[in-house]
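# Summary of the model geometry
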Amino acid sequence: MTFSELNINNELIEKLSKINIVEPTAVQKKIIPLINEDKNLMFQSETGTGKTYAYLLPLISKLLREDANGKEIKILIIAPTYELASQIKIQIQAVSNIKSVLCIGGSPITRQIEMLKEKPRIVIGGAARILELIHLKKIKTNSVETLVLDEADRLLSVELRSETEKLLERLPRSVQLIGNSATVSETTKKILQKAREDVSKNDEDVQGNEPNQKVQKSIEFVSLPMENVLQKRITHWAIYSEKRSKIDTLRSFIHAENPEKLIVFTCKADQVSIITNKLRYKKIECEGLSRNTEKKERKIIIDRFKSGKIKVLITTDLTSRGIDIPDVSHVVQLDLPESEDFFIHRAGRTARAGKMGINCVIGDEVELRRYAALEKKLKLTVYPKEIRGGKIDAPKME
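Description of the structure in this document. A quick note: this is a predicted structure, and the numbers were derived from the prediction, not measured. Per chain, residue numbering runs from 1 following the sequence as it is written. Where local features are concerned, this predicted model is filtered to residues with pLDDT of at least 70; where side-chain atom pairs are given and counted, the filter is 80 or more; whole-chain, interface and lining totals use all residues. Each side-chain value is derived from all of the structure's non-hydrogen atoms; neither hydrogens nor water enter the calculation.

This next bit is on the sheet that holds strand S5 (residues 146-150). Adjacent strands of a sheet pair through backbone hydrogen bonds, lying either parallel or antiparallel. When DSSP finds two or more bridges between a pair of strands, those strands are recorded as paired. Strands are runs of DSSP state E lasting at least 2 residues, helices are runs of H or I lasting at least 4, and numbering of each runs from the N terminus. Read across the open sheet, the 7 strands follow the order S3-S4-S2-S5-S6-S1-S7; overall the sheet is parallel. Edge positions in the sheet fall to strand S3 (100-103) and strand S7 (220-223), since each of these pairs with one other strand and no more. Averaged over all neighbouring strand pairs, the angle between strand axes comes to 15°, with direction disregarded. Sheet contacts for helix H2 (residues 26-36): strand S1 (41-44), strand S6 (176-181) and S7; angle to S1, the most-contacted strand, approximately 180°. The contact criterion used is simple: two residues touch if any of their non-hydrogen atoms lie within 4.5 Å. To obtain each axis, a line is fitted to C-alpha atoms, and for helices this fit is confined to the stretch in contact; angles are then taken between N-to-C directions over 0 to 180 degrees. Against the sheet, helix H5 (residues 109-116) makes contact with S3 and strand S4 (122-125), and its axis sits at roughly 160° relative to S3, the strand it touches most.

Below, the structure is given as C-alpha cells:
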C-alpha cells in the first residue's frame, strides 16, 4: 500500500520522499484509513514505528483538501514535554507549509499570543498552557475539529491528568479524539472512553456545542502487532557497578564503545549536572538535559545532539518518550526506573527507523536482580558484560 492509496496529498508525498520516507510503515497503513473515516481512536505501537506521521499525514491532507486557505484553528496536538511538542512542529514543517504554532509552558505567553494572531491552523503544546490560552480567549475552540494526545499514557498519568481532562471538557463534544502511545494502560483506556461517553452538564460553558450537534461517543482502541523492536533490534547488556563507581564505569563504557550517539538516563534531575561535569572533567564532551534546563537551552542542546556536534547526552525520563533523534546507537540506563514502561521508552530511543541499537543497564546488585526479573517479563535476552582492557566483553568464567 502506498501513501497515494492512503489518500495522502501529493504535495505531502513529494516532501516525504525528500526526507527519504517513500513507503508507509505498518502503523501508518493501519491508522491513516481510520483517521480518514473521522473515527475516534487510541492506538498503540512500539517506539520508532512512525506514530507521529500516522496521524499528521491524514489530518494535514484533510486540511489541504477541504480548507486550504482557512484562518481558524482546526487541530490541537497535546504533548507531555517541550521536546516532543517541538519535534512534532518540526515534522509538520518538513512536509507542509501549513501554519502551526508551539504553545508550551515555561516560555513567554505574550510571544505565543502574538503568534496566535497569525491565524495558525495547528496548535501544538502542553495541556496547561493551551487551557490558559483558552481561558484568556486567545484560542477559540469552536472551530477545533481534532484533538491529538501524543503520548496519551503520559498525559493521563497522575501528574498531568487533571489538565488533560479539563482540556477535554473545554472542547466541542464532536471533536475527533486521537491518542497514541507505545504503552497504553487500562486507566488511559477508561478515561478516554469516559471522555467520549460523557455528555457535558453545562453545554453553554463548552464552546461549540450545539444542541443538535452530532457527537461520536465511541472510541476505537487499536493495538498494532508487535514488531518486537525491543527483542529483535535492540541488544541488551548488563554491567555491574557499585553506586559510587557508576560514573567511572560509564566513562570506561564510552571509551570502549565510542558510540555514534549515546543517551544516558538517570532518574534524578540533580544527578544530570553531576554526571555531566564529571565526564567533562575527564575530557568527554557531553551535554545535560533535565527539567531544570531552560527551554531555550534545551532546544540548543537537542539540536547539537541531533546534528552530531555532541555525541553524549545525559538526561532524565524527560527525554524518554516520543523523541526521535536519528542514529542513536547506544542507550545507557544508570539506574533502573520503577516503571517498566519507562524502561521500554528509554530503550526505544535507539534502534529507530529499522536500525539496530544497544541498551545497557549499569546497575548495582539490587538493580541487576530487578533487571533479571524484567528480562523474564519482557522476554528479553540480556547479556552480562564486563569492561576490561579498554574493551567490553563477556565475563570471564571462573
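Back to the text.
Take the pairing of strand S11 (residues 312-315) next. Note on strand geometry: in a regular strand, side chains alternate between the two faces of the sheet. Judged by which residues are buried, S11 turns out to be covered on both faces: Val312 and Ile314 on one side and Leu313 and Thr315 on the other are all buried. One ladder, built from 4 bridges, connects strand S9 (residues 262-265) with S11; its direction is parallel. Considered in S11, the bridge of valine 264 is made with isoleucine 314. Bridging between strand S10 (residues 287-289) and S11 involves 3 bridges; their strand directions are parallel. Counterpart to glutamate 287 in the pairing with S11 is leucine 313. Here the term right-handed applies to a crossover when the path leading from its first strand over the helix to its second strand runs clockwise, the strands being oriented away from the viewer. Following the chain from S10 across helix H13 (residues 295-307) to the adjacent parallel S11, one finds a crossover that is right-handed. Only protein chains enter the area calculation, which uses a 1.4 Å probe; residues under 20% of their type maximum are buried, those over 50% are exposed, and those in between are partly exposed.

Moving on, we get to the nonpolar core. In terms of nonpolar packing, the biggest core is built from 52 residues, with Ile31, Phe43, Tyr55, Ile60, Ile77, Ile88 and Ile122 touching the most fellow members. Of all the elements, helix H3 (residues 51-66) adds the most residues to this core, at 9 residues. Among residues more than four places away in sequence, those in contact with isoleucine 122 are Ile60, Leu63, Ile75, Ile77, Ile92, Ile98, Lys99, Ser100 and Val101. Put simply, a nonpolar core is a bunch of buried Ala, Val, Leu, Ile, Met, Phe, Trp, Tyr and Cys residues held in one set by side-chain atoms that sit within 4.5 Å of each other. In this structure, Ile78, Leu116, Leu149 and Leu192 belong to the second largest nonpolar core, which totals 32 residues.

The next point concerns the layout of surface pockets. Note on definitions: the grid is 1 Å and covers protein atoms alone; a cavity is a set of points where a 1.4 Å probe fits but cannot get out; a pocket is an open set with protein on both sides within 12 Å along at least five of seven lines; lining residues have an atom within 4 Å of a point. Grid points are joined across faces, edges and corners, and a volume is the space filled by probe spheres set on the points. By volume, the largest pocket amounts to about 1,100 Å³. Surrounding the largest pocket, 43 residues form its lining, Ile21, Gln91, Asp324, Arg352 and Ala353 being those nearest its centre. Counting residues per element, the ones that place at least two in the lining of the largest pocket are H2, H3 and helix H4 (82-95). For the lining of the largest pocket, the element with the highest residue contribution is H4, accounting for 5 residues. A breakdown of the residues in the lining of the largest pocket according to their chemical character gives 14 nonpolar, 16 polar and 13 charged. Lining the second largest pocket are 36 residues, with Pro80, Thr81, Arg154, Glu159 and Leu160 sitting closest to its centre. For the lining of the second largest pocket, the elements supplying multiple residues, two or more each, are helix H6 (127-135), helix H7 (152-155), helix H8 (161-170), helix H9 (186-197), H13 and helix H14 (340-347). In this count, Pro and Cys sit with the nonpolar residues alongside Ala, Val, Leu, Ile, Met, Phe, Trp and Tyr, while Asp, Glu, Lys and Arg are called charged and the others, Gly among them, polar. Tallied by class, residues from the lining of the second largest pocket come to 14 nonpolar, 10 polar and 12 charged.

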